[in-house]
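Inside the fold
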Amino acid sequence: MGLFDGHSSLTEEGSTAQLAKLLGAPVILVADASKVARSVAAEVLGYQQFDPDLNVAGVILNGVGSPAHLEFCKPQVEATTGLPVLGYLPRRPDFEQPERHLGLIPTVEGTVANQWYEAIIAQVEETIDIGRIAELAQLSAAPSPVDGDGTRVYPQEPQPRRAVIAVAQDKAFNFYYQDSLDLLEAWGAEIAPFSPLDDESLPARAGGVYLGGGFPEMFAAELSANRPMLESIRQAAARGIPVYGECGGLMYLGRSLTGFDGRAHSMAGLLPAVSAMSQSRLSLGYREVEARADGPLLSKGQQVRGHEFHWSTLEEPPDEGESVYRVVNQGGRPDGFQSGSVWATYVHVHLGSAQGLASRFIDSCAAHSRI
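The following refers to the structure shown. Keep in mind that this is a model prediction, so the values were computed, not measured.

Bringing empty space enclosed by the protein into the picture now. Enumeration according to the criterion identifies 3 cavities of 30 Å³ or more in this entry. Here the second largest cavity defines a volume of roughly 50 Å³. Lining the second largest cavity, in full, are Tyr244, Ala291, Ala293, Gly295, Pro296, Leu297, Leu298, Val324, Tyr325 and Trp343. By residue class, the composition of the lining of the second largest cavity is 9 nonpolar, 1 polar and no charged.

Put into structure tokens, the structure is as follows:
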């Protein structure tokens, strides 16, 4: 989203602007000039003056149509704001990235060719002053002190391997915070990637399963047709192996998934979730959740922040008795489903959001792992 967009409509909390101020880092605005000329200076001035404590240090103009167009934009920006225009990118259709309902199409689907990167690199080297940007970065102020309790998210000493966690990673499931995977490894987990699309079974030594977000709705038929994998996950759940799903993982662990074409496809059936894609209802935003019971990530009553971003809806939302979380900042509404050792939610939780999340997940998987 934008520079000042975050958790609240009236504060900077959770925004890129807040992060830049915490880090003492200068901000370079990328301003869309594709449909304006000198008016872009008014937009940049607004960003510059919106928060005087934010160090806006320069501007890059995007979507410039021609040298003449650049001359209608650059001088006015610099004259009005005093900020340097550090360069521009031209308006070229071959620079555009294909999108779908949740944003850019992931690179794991092969849509970004090496030639695209090479073309962008060549253009940046030609029309953007990389040296000046590097100089601005060196002028960063000292980071601001951050309130906290002094605890560390990462361990101070290397941890022994004590669990193997199967992580779904393919074209259908690829929405993960890399920090979360790094934290799992740092606290003693071996990450074992697997593909619900192409593999026939879970990794043999896995003592836990992590199904993140992605685009299962785009591959619903293929996921449904891979019956050996669905059965492997069912057997793992029957043995009490912890299975944790987020967003797309919730949809996969449910009874069925209906795509944009209106066709329903059977899924793992481990949870009562019946999901369908909506053309009009987007769920998006930061969430504060509280665990309703002890689970693989949180203990009962523990609260943590997360994020929700999906177009799918549930035929029947969870009730209090079967839900995983209470969404504290949305009236305490129930979220997610839990059955036996299977837990799934629409909320993406960053494992660095609170101390001990990664370690607790590993503990819950260790008893079933073969190291």
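Turning next to the sheet that holds strand 17 (residues 312-314). Taking strand neighbours across the sheet as the criterion, the 4 strands line up as 13-12-14-17 in an open arrangement whose pairing is mixed. Every other strand in the sheet has two partners, leaving strand 13 (264-266) and strand 17 as the edge strands with one partner each. Across the sheet, the mean angle separating the axes of adjacent strands is 25 degrees when strand polarity is ignored. Strand direction decides the pairing type here: strand 12 (residues 256-258) and strand 14 (residues 274-277), joined by 3 bridges, are parallel. When the bridges of strand 14 are listed, Ser256 appears paired with Val274.

Going through the model one piece at a time under the given rule, you end up with 8 aromatic pairs. Aromatic side chains Phe4 and Phe50 sit 4.5 Å apart centroid to centroid with 45 degrees between the ring planes, which places their arrangement in the tilted category. Residue Phe4 is located in the segment before helix 1 (16-23), and its partner Phe50 is located in helix 2 (residues 39-50); the two are separated by 46 residues in the primary sequence. Taking relative accessible area as the criterion, Phe4 reaches 17% and is therefore assigned buried. An angle of 55 degrees between the planes, with centres 6.3 Å apart, marks the rings of Tyr210 and Tyr244 as tilted.

An α-helical turn contains 3.6 residues, so any two residues separated by three or four positions project in the same direction. Residues Ser180, Leu181, Leu183 and Leu184 constitute the buried set of helix 6 (residues 178-186). Buried residues of helix 6, viewed axially, fall in a sector of 160 degrees; they line one side. Structurally, helix 6 contributes buried residues whose contacts are with strand 6 (163-168), strand 8 (189-194), strand 9 (208-211), strand 22 (348-349) and helix 10 (357-366). Following helix 6 by one or two positions, Gly188 adopts a phi angle in the positive range, close to 115 degrees.

A few words now on the packing of helix 2 against helix 3 (residues 67-81). Their axes nearest at 8 Å, the elements helix 2 and helix 3 cross at an angle of 35 degrees. For helix 2 against helix 3, the interelement crossing comes out right-handed. Each of Val40, Ala41, Val44, Leu45 and Gln48 in helix 2 lies in contact with helix 3, whose residues at this interface are Cys73, Gln76, Val77, Thr80 and Thr81. Each residue belonging to the contact of helix 2 with helix 3 can be placed in one class, and the counts come to 6 nonpolar, 4 polar and no charged.

Reading the values: the criteria
- Residues numbered from 1 in each chain as written.
- Predicted model: local features only at pLDDT ≥ 70, side-chain atom pairs only at ≥ 80, totals over all residues.
- Heavy atoms only, no water.
- 1 Å grid on protein atoms, 1.4 Å probe; cavity = no way out; pocket = protein on both sides within 12 Å on 5 of 7 lines; lining within 4 Å.
- Points joined across faces, edges and corners; volume = space filled by probe spheres on them.
- Nonpolar A, V, L, I, M, F, W, Y, C, P; charged D, E, K, R; others polar.
- Pairing = 2+ DSSP bridges.
- Helix = DSSP H or I, 4+ residues; strand = E, 2+ residues; numbered from the N terminus.
- Axes fitted to C-alpha atoms, helices over the stretch in contact; angles between N-to-C directions.
- Phe/Tyr/Trp six-rings, centres within 6.5 Å; stacked < 30°, edge-to-face > 60°.
- Buried < 20%, exposed > 50% of the residue type's maximum accessible area, 1.4 Å probe, protein only.
- Arc of directions from axis to C-beta.
- Contact = heavy atoms within 4.5 Å.
- Left-handed = near helix turned anticlockwise from the far one by under 90°.

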